[in-house]
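# Inside the fold
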Amino acid sequence: MPSVQHTQQSQPAPEQAYREPRTFSRAVVTGGAGFLGSHLCEALLDAGVEVVCLDNFLTGVPDNVAHLVDHPGFRLRRCDITEYVHVSGEVDLVLHFASPASPVDYLKLPLETMKVGATGTWNALGLARAKGARFLLASTSETYGDPQVHPQPETYWGHVNPVGPRGVYDESKRYAEALTTAYRTAHGVDTAIVRIFNTYGPRMRAADGRAIPTFIRQALAGEPVTVAGDGSQTRSICYVDDLVDGILALAASGHPGPVNIGNPEELSVREIAEDVIAGAGSASTIEYVPRPVDDPQVRRPDTTLARTVLGWEPRVGWADGLKRTVEWFREQQAR
Ligand code: NAD
């Protein structure tokens, strides 16, 4: 029929459709007092969006958002999102970031990690459904496990050991992805899933066990920098500002995901350690220590989807991001 043909012809290409910007006026950020959550709260406020930050301070600290508490659009509420969650008033965006995220944290908190990925995600989705809000799940490249496809596109199903030590985190996020998809199909909730690759920047905890803050802490203290295995395993590391841009672009699009957000620049862990030592102007040496069980050998996002549907690309290179992060750690030390 001609009218149908006309409609089809005037439809934008799918990748264009997802660039139609949505605007938000009030967002809920679960895990908002954590490393990534605090940067998201800040970026949302800068964009004129009111923010309700929900956090039980399990692995985050109020200090991360202390500079925001006097902002008229910001509310910080202590809340365990695995309990009943209620937020009064209108909400048009729910960003679900609550979860222990570093191996040190989730190995110490295995049940809390599974509970927040399961019950916490039910509650956050329930909130989005009740408010008619867009929902964005912070998933992870760990859903790919120790990948056998490289680089990893979103279509790769992963290689995860459910009963290994990292299974609590990887499977809780895989469950959260499945639950998010079920809410979309069963309840029509407007959902999105972002698979976040290793991200670094200011407000990481020096003792959270992740490679970059550990290396920086050790280099600034002049201690040996401990590299796992022979350091040939690779990571692709994204500066936090780039990650936040990608997440907000995904939220503003109508895309359901999953979408990889990460920097495809791939470095070996040994190179990362050497660059940190040089960047910190340190005389530290490298000490090789045993590799953790199920530590992935390679990790690199295929970012074709983010580039085509969101027009997103990372802009901060490793040298620049490392400089900014070392400066922040130095300032913290001086305090
Ligand atoms: P983080 O530990 O700094 O932040 C997590 C926050 O969630 C903390 O403030 C913690 O107190 C809070 N939290 C945990 N359980 C909670 C609960 N039951 N109720 C309320 N708050 C709770 O970690 P992060 O690096 O900022 O990671 C944030 C999210 O991004 C996580 O979901 C993580 O899985 C995901 N992610 C992060 C990275 C990364 O490189 N940082 C990579 C992939 C995925």
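The coordinates are above.
As a starting point, this report considers the structure included with it. Just so you know, these numbers come straight off a predicted model, no measurement behind them. Within any chain, residue numbers begin from 1 and follow the written order of that chain's sequence. At least 70 in pLDDT is required for a residue's local features to be given in this predicted model, at least 80 for side-chain atom pairs to be given and counted, and no such filter applies to totals for whole chains, interfaces and linings, which use all residues. Values reported for side chains reflect all heavy atoms of the structure, with hydrogen atoms and water molecules removed beforehand.

## Observations concerning helix α7 (residues 211-220)
Three exposure classes are used, based on accessible area relative to the maximum for each residue type with a 1.4 Å probe and protein chains only: buried under 20%, partly exposed in between, and exposed over 50%. Comment: elements are numbered from the N terminus, with helices defined as DSSP H or I runs of at least four residues and strands as E runs of at least two. Taken across its 10 residues, α7 has eight buried, putting it largely inside the fold. Buried within α7 are the following residues: I212, P213, T214, F215, I216, Q218, A219 and L220. When checking whether two residues touch, look at their non-hydrogen atoms; a contact exists if any pair is within 4.5 Å. Against β7 (199-200), β8 (225-228), α9 (269-279) and α11 (318-334) lie the buried residues of α7.

## A few points about the site of the ligand
We define proximity as follows: a residue is near a molecule or strand when any one of its heavy atoms falls within 4 Å of that partner. Residues in close proximity to the ligand total 29 residues, the closest being L36, D55, T59, Y169 and K173. One nitrogen or oxygen atom from the side chain of N56 is found 3.2 Å from a nitrogen atom belonging to the ligand. In this structure, T199 approaches the ligand through a main-chain N or O atom, which is 3.0 Å from an oxygen atom. To be clear on the numbers: accessible area is Shrake-Rupley with a 1.4 Å probe, and residue cover counts the displayed protein chains and nothing else. Expressed as a share of its isolated accessible area of 820 Å², the protein-covered part of the ligand is 97%. Listing elements by their share of the shell around the ligand, those giving two or more residues are α3 (35-46), β5 (134-140) and α6 (167-187). N or O atoms within 3.5 Å of each other form a polar contact, as long as, within protein, one can give a hydrogen and the other can take it, and as long as residues adjacent in sequence are counted only when both atoms are side-chain atoms.

## A word on the layout of surface pockets
As defined here, a cavity is a set of points on a 1 Å grid over the protein atoms alone where a 1.4 Å probe fits but cannot get out. A pocket is an open set with protein on both sides within 12 Å along at least five of seven lines, and residues line them when an atom is within 4 Å of a point. Grid points are joined across faces, edges and corners, and a volume is the space filled by probe spheres set on the points. Of the volumes computed, that of the second largest pocket is approximately 340 Å³. Together, 15 residues line the second largest pocket, and D63, N64, R203, W328 and Q332 are the ones closest to its centre. Its residues assigned to classes, the lining of the second largest pocket shows seven nonpolar, four polar and four charged. Ten residues, namely Ala, Val, Leu, Ile, Met, Phe, Trp, Tyr, Cys and Pro, are considered nonpolar, four, namely Asp, Glu, Lys and Arg, are considered charged, and the remaining ones, Gly among them, are considered polar.

## Examining empty space enclosed by the protein
Over the atoms rolls a probe the size of a water molecule, and its path tells where empty space is left. Under the criterion given, the structure shown has one cavity of 30 Å³ or more. Considering only enclosed or pocket space, the largest cavity measures out at about 40 Å³ in volume. What lines the largest cavity is simply H96, A98, S99, V116, G117, T121, L137, K173 and A176. Broken down by secondary-structure element, the contributors of at least two residues to the lining of the largest cavity are α5 (110-131) and α6. The dominant element in the lining of the largest cavity, judged by the number of residues it contributes, is α5, at three residues. Considering only residue class, the lining of the largest cavity consists of four nonpolar, four polar and one charged.

## Quick word on the nonpolar core
Only buried residues count toward a nonpolar core, which is a set of Ala, Val, Leu, Ile, Met, Phe, Trp, Tyr and Cys residues joined through side-chain atoms within 4.5 Å. Core analysis: the biggest nonpolar cluster contains 62 residues, and L95, F97, L136, I247 and W318 have the highest contact counts within it. For this core, the leading source of residues is α3, giving seven residues. When residues no more than four places from it in sequence are discounted, the contact partners of W318 are Y200, I212, I237, E265, L267, I272, D275 and V276. Within the second largest apolar cluster, 23 residues are counted, among which are V52, V91, A133 and L137.

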